[in-house]
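Okay, here's what each chain looks like letter by letter:
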Amino acid sequence: MDEIESPSLFLDFDGTLVEIADGPDAIEPPGALGRRLETLANRFDGRVAVVTGRSLDNLHHFLGPSATFRAGSHGAHIEGPDREVLREARPLPDDAISTLADFAKETGLLYERKTHGGALHYRSNPAMMDQVLSIAEQVGEQHGLAVKQGKSVAELVWPGADKGGAVRILMAKPPFAGSVPVFLGDDVTDEDGMAAAREHDGFGIAVGERPFTNASYHLPTVKDVYEWLKL
Ligand SMILES: [Mg+2]
C-alpha cells in the first residue's frame with residue numbers, strides 16, 4: 001500500500017471487517033472499531049469508506065458515530081463525515097414489502113426491512129433458497145427492482161443502487177477524487193465495487209474463500225485484513 005500514490009480504501013463490513021455470524025444482529029465487531037476506522041482514515045487523509053449492504057442506521061449502531069465516510073444499503077444511501085447525506089435511500093413500494101413480509105411469516109424466515117429495500121434471510125433454512133430467489137425475482141419484476149443474492153440472503157433494491165455506484169459517487173468528490181481506489185470485500189455484491197475501483201485505475205482485494213471475477217489480490221481471513229491495514 002505504501003507504494004501506491006494516494007490510495008483510498010473502500011471496505012465492505014460483514015466478512016471483511018467483522019466475522020460472519022448466524023444472523024445480522026449476531027456479529028461481534030472488535031472493540032472500538034469505529035474509532036479505529038477513524039484513525040485509519042486519518043492515515044489516508046480521510047479517504048476511507050465503509051461500504052455495506054446493511055442500512056446506515058444499523059451500521060451506526062455497531063460502529064457508533066463517526067467522522068468517516070459510510071455507504072449503506074449497497075450504496076443506495078451514502079453519508080460523509082458527521083452524517084452529511086450524499087445520497088438518500090428510498091424504501092420499497094408498500095406492495096412489495098407486504099408480499100415479502102407475508103412470505104417470510106408463512107415460511108418462518110426473516111424479512112429485514114431496510115430504508116432502501118428489503119432482505120429475505122434463509123440462513124435458518126438453506127433448503128428454502130430456490131423458493132426465496134423465485135419470490136424475490138417475481139417481486140423484482142413486478143416493481144422494477146433489482147435482486148441481489150448474498151450469503152443466505154436475497155435482497156431487493158432500486159436499480160443502480162450497488163456498491164459500484166457508491167464508489168463512483170465518492171470518487172467524484174473530495175477527498176477521494178484523483179486517488180487510487182482499493183476495494184476489499186468477501187461477497188458477490190462486492191464485485192460491483194471492485195469493477196468500479198478498476199474503472200478508476202484501482203483494484204479489488206478478495207477476502208475469504210469465494211472466487212472473485214474482479215479481484216486482483218486475495219486476503220484469506222478477516223484477521224489478515226486487520227494485519228494488512230494495521231487496523
Ligand atoms: Mg461482506
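Parameters and conventions
- Residue numbers restart at each chain and count upward from 1, following the sequence in its written direction.
- The predicted nature of this model means local features are confined to residues of pLDDT at least 70 and side-chain atom pairs, given and counted, to a pLDDT of 80 or more, with totals for whole chains, interfaces and linings taken over all residues.
- Annotation comment: domain bounds sourced from an automatic or database domain assignment.
- Polar here means any residue outside two lists: the nonpolar Ala, Val, Leu, Ile, Met, Phe, Trp, Tyr, Cys and Pro, and the charged Asp, Glu, Lys and Arg; Gly therefore counts as polar.
- The exposure scheme places C-beta atoms from the backbone and then counts, for each residue, the other C-beta atoms within 10 Å of its own, assigning buried at 20 or more, exposed at 12 or fewer, and partly exposed in between.
- Here a strand is any run of E in DSSP of at least two residues, a helix any run of H or I of at least four, and the numbering for each starts at the N terminus.
- Note on contacts: each residue gets a C-beta atom placed from the backbone, and two residues are in contact if those atoms are within 7 Å.
- When DSSP finds two or more bridges between two strands, those strands count as paired.
- Every angle, taken between N-to-C directions, lies between 0 and 180 degrees, and every axis is a line fitted to C-alpha atoms, over only the stretch in contact when it is a helix.

Trainee: Can you help me understand the domain arrangement of the protein in this one?
Mentor: Interfaces are often sized by the amount of accessible area the parts lose when they come together. Domains assigned within the protein are domain 1 (7-89 + 161-229) and domain 2 (94-157). Placing a centre on the C-alpha atoms of domain 1 and another on those of domain 2 gives a separation of 24 Å. Broken down by class, the residue content of the side of domain 1 that touches domain 2 amounts to 6 nonpolar, 7 polar and 2 charged.

Trainee: Which parts of the structure should I look at to understand helix H6 (residues 190-199)?
Mentor: It helps to recall that an α-helix has 3.6 residues per turn; residues three or four apart then point in one direction. Of all 10 residues in H6, 7 are buried, a share of seventy percent or more. Listing the buried residues of H6 in full gives Asp190, Glu191, Asp192, Gly193, Met194, Ala196 and Ala197. If you follow the buried residues of H6, they end up packed against strand S1 (7-11), strand S2 (48-51), helix H5 (163-171), strand S10 (180-185), strand S11 (203-207) and strand S12 (215-219).

Trainee: Got a minute to help me understand the pairing of strand S9 (residues 153-157) in this structure?
Mentor: Two faces belong to every sheet, and in a regular strand the side chains alternate between them. Burial runs high along S9: 5 of the 5 residues are buried. Burial along S9 is two-sided: Val153, Glu155 and Val157 facing one way and Ala154 and Leu156 facing the other are all buried. Taken together, the 5 bridges between strand S7 (residues 117-121) and S9 define a ladder with antiparallel strand orientation. Each bridged residue has a counterpart across the sheet, and for Ala119 the counterpart in S9 is Glu155. Hairpin connection between strand S8 (residues 146-150) and S9: a loop of 2 residues separates the two successive antiparallel strands, and Ser152 in this loop has a positive phi of roughly 55°.

Trainee: Can you help me understand the sheet that holds S9 in this one?
Mentor: Within a sheet, neighbouring strands are paired by backbone hydrogen bonds and run either parallel or antiparallel to one another. Reading across the sheet, the 4 strands line up as S6-S7-S9-S8 and stay open at both edges, with antiparallel pairing between neighbours. Since the sheet does not close on itself, it has two edges, and those belong to strand S6 (110-114) and S8, each with one partner. Averaged over all pairs of adjacent strands, the angle between strand axes in this sheet comes to 20°, irrespective of strand direction. Contacts from helix H3 (residues 94-107) reach S6, S7 and S9 within the one sheet, and its direction differs from that of S6 by about 155°. Lying over the sheet, helix H4 (residues 129-143) contacts S7, S8 and S9, oriented at roughly 5° with respect to S9.

Trainee: Could you clarify how one ought to interpret the pairing of S7 in this entry?
Mentor: With 5 of 5 residues buried, S7 is to be regarded as a mostly interior element. Residues Gly117, Ala119 and His121 line one face of S7 and the alternating positions Gly118 and Leu120 line the opposite face, and both faces are buried. When S6 meets S7, the two strands line up antiparallel, connected through 5 bridges. Bridge pairing links Glu112 to Ala119 in S7. Between S6 and S7, which pair antiparallel one after the other, the connecting turn spans 2 residues.

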